[in-house]
Amino acid sequence: MHARAHRTWTKRLRLKELAAHLDLSITTVSRALAGYSDVSEETRRRVREAADAFGYVPNQMGRMLVSGRSNFVGMLLPIHPHELVDPYLADFLAGLAGGLTQRGRDLFLATVPTGQDDLAVLQRVVESRRADAVVLYRLTCEDPRVAFLIERGVPFVAHGRTLAGTDAYSWLDTDGEGAFHDLGRKLVALGHRHFAMLAPTKDFTYAFLRRRGFERALAEAGLPPPDVLTVPLGDAAAMARAAAQLINRDPRPTAVIGLKDQLALAVLDEARREGIAVPQALTVVGFDDTPVAAYADPPLTTFSQNIAEGAAMIAAMVIERLEKGEAGIAGHLVEPRFVPRASHGPAPAGAT
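Residues numbered from 1 in each chain as written. Predicted model: local features only at pLDDT ≥ 70, side-chain atom pairs only at ≥ 80, totals over all residues. Heavy atoms only, no water.

- Going by what an unreviewed UniProt entry lists, the protein chain is known as HTH lacI-type domain-containing protein and is assigned to Chelatococcus daeguensis.

This is the structure we're talking about:
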């Protein structure tokens, strides 16, 4: 009898039956499943465990009609054929999706095919009301998506910042400017005087700030700014060509900085092809501490910003913004951690 009842509940269990089983009100169970913070963590845990045990799946359409919410958080995902998968993005999505699921929300990805405009896709997401809030991934210096969402009154959290004021929206960023200022000072202290930098073509704010921090350190030491080449992120052939161009300059830089690990790893690959010893003849440093960085040849010196942990924090900020409205707006600047490995060292003897 009990087994038959369990099979029936697995197929047809309704919200009121789940509430009766838990001896809770329907409202409490509904809000617990949605992850509302006014329901205690212990109650939310009990409800989730019971829902999982009986295979209960909320009626999404009914929930939307009652609450006016979809319980989806949207994020734009650019799609670029023939390009490498960004390992940073993979870790970010895992952390964001996991953090949202724990709070009763789901991640909705809106793809942006090559040739389509991010803002046009974002407008469709907003106008269709498919998402209650939006996560903006990698802001540019003057990002039109920010102004659009503020004007429409759509709750959102930004991964990164614009160069304008940030008081009107929630954001989480890593202090790349401070990190690269410290890096510049470290390398100058190691005797380096000739620097080059590989940067993304797109005007991401993180790239602007990291470059500014590094150039400030060189200026303080009375040194000129580094030679900079820009390249589309993920285009393996273009990154290889740019890396080869940098390390074959005369005079050759003694240190090449990749504003992301992808770029620094391309420099390591080209140095190995050219027979240039790293770090004896060339120092290479990246940023992100993606998993492959530790297994490069040699292991890449970089900066860690705990990608998945930061994305989970963004998930919590989204819920805060949804539940508290404008009172939930907050900004967080995270300090990255220097990860010294085997790709950096003193300037080669004789370098001036």
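Focus: the sheet that holds strand E2 (residues 106–113)
So, point 1. Strands sit in the order E2-E1-E3-E4-E5-E11 across an open sheet of 6 strands; the sheet is parallel. In this open sheet, the two edge strands, each paired with only one partner strand, are E2 and strand E11 (331–334). Strand after strand, the sheet turns through a mean of 20° between neighbouring axes, direction not considered.
So, point 2. Pairing between strand E1 (residues 72–79) and strand E3 (residues 133–137): 3 bridges, direction parallel. For Gly 74, the partnering residue across the bridge sits in E3 and is Val 134.
So, point 3. Those strands touched by helix H13 (residues 307–324) are E1, E3, strand E4 (156–159), strand E5 (170–174) and E11, and its axis lies near 165° from that of E5. (Pairing = 2+ DSSP bridges. Helix = DSSP H or I, 4+ residues; strand = E, 2+ residues; numbered from the N terminus. Axes fitted to C-alpha atoms, helices over the stretch in contact; angles between N-to-C directions. Contact = heavy atoms within 4.5 Å.)

A word on unusual backbone geometry
So, point 1. Note the cis peptide between Val 278 and Pro 279, where omega equals 10°.
So, point 2. Mapping Pro 279 onto the fold places it in the loop between helix H12 (261–274) and strand E9 (283–285).
So, point 3. Residue Pro 298 is reached from Asp 297 by a cis peptide bond, and omega for that bond is -5°.
So, point 4. On the secondary structure map, Pro 298 appears in the loop between E9 and strand E10 (302–304).
So, point 5. If you check the backbone angles, Asp 288 has positive phi at about 135° while not being a glycine.
So, point 6. Despite not being glycine, Asp 289 has its phi angle at roughly 55°, a positive value.
So, point 7. Along the chain, the position of Asp 289 falls in the loop between E9 and E10.

Some remarks on the pattern of salt bridges
So, point 1. This model, assessed by the stated rule, comprises 17 salt bridges.
So, point 2. Two residues, Arg 212 and Glu 177, come together in a salt bridge whose shortest N-O distance is 3.0 Å. Taken together, the residues Arg 212 in helix H10 (residues 205–220) and Glu 177 in helix H9 (residues 176–189) connect sequence positions 35 residues apart.
So, point 3. For Glu 177, a relative accessible area of 17% puts it in the buried group.
So, point 4. Between Arg 272 and Asp 269 there is a salt bridge; the shortest N-O distance is 2.8 Å. Taken together, the residues span about one helical turn, with Arg 272 and Asp 269 both in helix H12 at a distance of 3 residues.
So, point 5. By relative accessible area, Arg 272 is classed as partly exposed at 43%.
So, point 6. Using a relative accessible area of 31% as the deciding quantity, one classes Asp 269 as partly exposed.
So, point 7. Beyond isolated ion pairs, a larger network of salt bridges with shared partners links Glu 41, Arg 44 and Arg 48. (Salt bridge = Lys/Arg side-chain N within 4 Å of Asp/Glu carboxyl O. Buried < 20%, exposed > 50% of the residue type's maximum accessible area, 1.4 Å probe, protein only.)

Topic: the pairing of strand E8 (residues 255–258)
So, point 1. Burial of the side chains of E8 extends over both faces: Ala 255 and Ile 257 are buried on one face and Val 256 and Gly 258 on the other.
So, point 2. With 3 bridges joining them, E8 and E9 adopt parallel strand pairing. From the neighbouring strand, Ala 255 faces E9, where its bridge partner is Thr 283.
So, point 3. Chirality of the crossover, the property in question, places the unit of E8, H12 and E9 among those that are right-handed. (Right-handed = clockwise from strand over helix to strand, strands pointing away.)

Here's the deal with H12
So, point 1. Over its 14 residues, H12 extends 20 Å from the first C-alpha to the last, a length consistent with the 20 Å expected when each residue adds 1.5 Å.
So, point 2. Of all 14 residues in H12, 10 are buried; the element is thus mostly enclosed.
So, point 3. Turning to H12, its buried residues number three or more, namely Asp 261, Gln 262, Leu 263, Ala 264, Leu 265, Ala 266, Val 267, Leu 268, Glu 270 and Ala 271.
So, point 4. Those residues of H12 that are buried are in contact with strand E6 (195–200), strand E7 (227–231), helix H11 (236–247), E8, E9 and E10. (Expected span 1.5 Å × (residues − 1).)

What about the packing of aromatic side chains?
So, point 1. Considering all chains together, one arrives at 11 aromatic pairs under this definition.
So, point 2. On the basis of an interplanar angle of 20° and a centroid distance of 5.5 Å, the ring pair of Phe 156 and Tyr 169 is categorised as stacked. Taken together, the positions of Phe 156 in strand E4 and Tyr 169 in the loop between E4 and E5 put the pair 13 residues apart, joining distant regions of the chain. Note on accessibility: Phe 156 and Tyr 169 belong to one class, buried.
So, point 3. Centre to centre, the rings of Phe 303 and Phe 338 are 5.2 Å apart; their planes meet at 50°, and the pair counts as tilted. (Phe/Tyr/Trp six-rings, centres within 6.5 Å; stacked < 30°, edge-to-face > 60°.)

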